[in-house]
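So the chains spell out like this:
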Amino acid sequence: WKLDQCADCKALLGPERLRQEQARADAVRQQDGQFSSGERAEAMHCRGVRIRWLLAFTFDHDCWDMPTWQVVRDIIVPATRDRRCRYAELPSVCDFTGPADVFMSHCWGARWGDLVCAACCGARADRIVWIDLFAVRQWPGNKADVDFRPVIARCKALIVAVSPIRQLECFLPTRADHEAFLS
């Protein structure tokens, strides 16, 4: 986190803004520090979201084709700005969360819709998936949220969502073809 810099345009925000952001990050760390590692892990695991809610979120925000980082920037961060909370902790979301069955791993540069489709593929209607956008505080001071191992250990499965790469849909027969693709 560069607390004195705009995340988008990289403009310097000045010493007062830096002081404010440092104070907010300290408050987050203090709040999270009140819990044992086991309590934090259990709380994180319970921030999974229901598949039906995930689909509704994606349709409501029309974010199928957005890269995941843009979903964070344009939807998650503005919604949590005032409270500096996790998206799953918003009052409008809490009723749709629970202990995750499946941990979702994904690339923030990939299409959000590909992650949603991977989460839904073959799923029962009651599947609950853990996705970092919703479960992790997207604000400075979130260090307690980024150890995913305890969450993975509590889930029944892990899905790594990988978006299709069109260039790999045909066979690359030679080493020169491989090198050309990689370059």
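Residues numbered from 1 in each chain as written. Predicted model: local features only at pLDDT ≥ 70, side-chain atom pairs only at ≥ 80, totals over all residues. Heavy atoms only, no water.

Colleague: If you had to explain the overall build of the chain to someone new, which residues and values would you point to?
Modeller: Summing up its helical and strand segments, the chain has nine helices and five strands in all. Element order for the chain, N to C, with α for helix and β for strand: α-α-β-α-α-α-β-β-α-β-α-α-β-α. When its C-alpha atoms are laid out on the principal axes, the chain stretches across 55 × 45 × 30 Å. Taking all 183 residues of the chain together, 38% fall into the buried category. Within the chain, residue pairs in contact and separated by at least 24 positions form 74% of the contacts whose partners lie at least 6 positions apart. Of the roughly 10900 Å² that the chain leaves accessible, carbon and sulfur atoms contribute 55%. (Helix = DSSP H or I, 4+ residues; strand = E, 2+ residues; numbered from the N terminus. Buried < 20%, exposed > 50% of the residue type's maximum accessible area, 1.4 Å probe, protein only. Contact = heavy atoms within 4.5 Å. Areas by Shrake-Rupley, 256 points an atom, 1.4 Å probe, with all protein chains shown as cover.)

Colleague: Go over unusual backbone geometry with me, naming the residues and quoting the values.
Modeller: With a phi angle near 45 degrees, D62 is a residue other than glycine that sits in the positive phi range. Secondary-structure assignment places D62 in the loop between α3 (51-61) and α4 (68-80). With a relative accessible area of 60%, D62 lands in the exposed category. Phi is positive for R84, close to 55 degrees, though the residue is something other than glycine. Relative to the elements of secondary structure, R84 occurs in the loop between α4 and α5 (91-94).

Colleague: Lay out the sheet that holds strand β3 (residues 102-105) in plain terms, naming residues and giving numbers.
Modeller: Strand order in the open sheet made by the five strands is β2-β1-β4-β3-β5, with mixed pairing throughout. Lying at the two open borders of the sheet, with one neighbouring strand each, are β2 (97-98) and β5 (157-160). Two strands pair when backbone bridges link them, and strand β1 (residues 48-50) and β2 are joined in this way by two bridges, in the antiparallel orientation. Among the inter-strand pairings, G48 is bridged to a residue of β2, identified as G98. (Pairing = 2+ DSSP bridges.)

Colleague: Tell me about the packing of α3 against helix α6 (residues 112-120), and name the residues and values.
Modeller: Two elements in contact, α3 and α6, have axes whose closest approach is 10 Å; the angle formed by their N-to-C orientations is 160 degrees. Considered as vectors, α3 and α6 are oriented roughly antiparallel to each other. In this structure, α3 meets α6 at a crossing whose hand is left-handed. Contacts between α3 and α6 involve I51, L54, L55, F57 and T58 from the first element and W112, V116, A119 and C120 from the second. Here the residues of the contact of α3 with α6 sort into eight nonpolar, one polar and no charged. (Axes fitted to C-alpha atoms, helices over the stretch in contact; angles between N-to-C directions. Parallel < 35°, antiparallel > 145°, perpendicular 65-115°, else oblique. Left-handed = near helix turned anticlockwise from the far one by under 90°. Nonpolar A, V, L, I, M, F, W, Y, C, P; charged D, E, K, R; others polar.)

Colleague: I'd like a description of the nonpolar core, backed by residues and values.
Modeller: Core analysis: the largest hydrophobic core is formed by 30 residues, its most contacted members being L54, F57, W112 and F134. Elements represented by at least two residues in this core include exactly α3, α4, β3, α6 and α7 (132-135). The biggest single contributor to this core is α4, with five residues. Among the nonpolar cores identified, the runner-up in size contains nine residues, and M44, W130, V136 and C155 belong to it. (Core = buried A, V, L, I, M, F, W, Y, C linked by side-chain atoms within 4.5 Å.)

Colleague: Quick rundown of the side chain of D145? Include the residues and the values.
Modeller: Examined against the element boundaries, D145 turns out to sit in the loop between α7 and α8 (149-154). Here the side chain of D145 touches R86 through a polar contact of 2.9 Å, side chain to side chain. There is a polar contact of 2.8 Å between the side chain of D145 and the backbone nitrogen of R137. Once residues lying within four places of it in the same chain are set aside, the contact partners of D145 are D32, M44, R47, R86, A135, V136 and R137. (Polar contact = N/O pair within 3.5 Å; in protein donor to acceptor, adjacent residues only side chain to side chain.)

Colleague: Tell me about the pattern of salt bridges, and please be specific about residues and values.
Modeller: Applying the stated rule across the entire model yields eleven salt bridges. Across the pair D145 and R86 runs a salt bridge whose closest N-O atoms are separated by 2.9 Å. Highlighted residues: D145 in the loop between α7 and α8 and R86 in the loop between α4 and α5, separated in sequence by 59 residues. The exposure class of D145 is buried, given its relative accessible area of 2%. On the accessibility criterion, R86 (4% relative accessible area) is buried. By sharing partners, the salt bridges in this structure join R47, R86, E89 and D145 into a single network. (Salt bridge = Lys/Arg side-chain N within 4 Å of Asp/Glu carboxyl O.)

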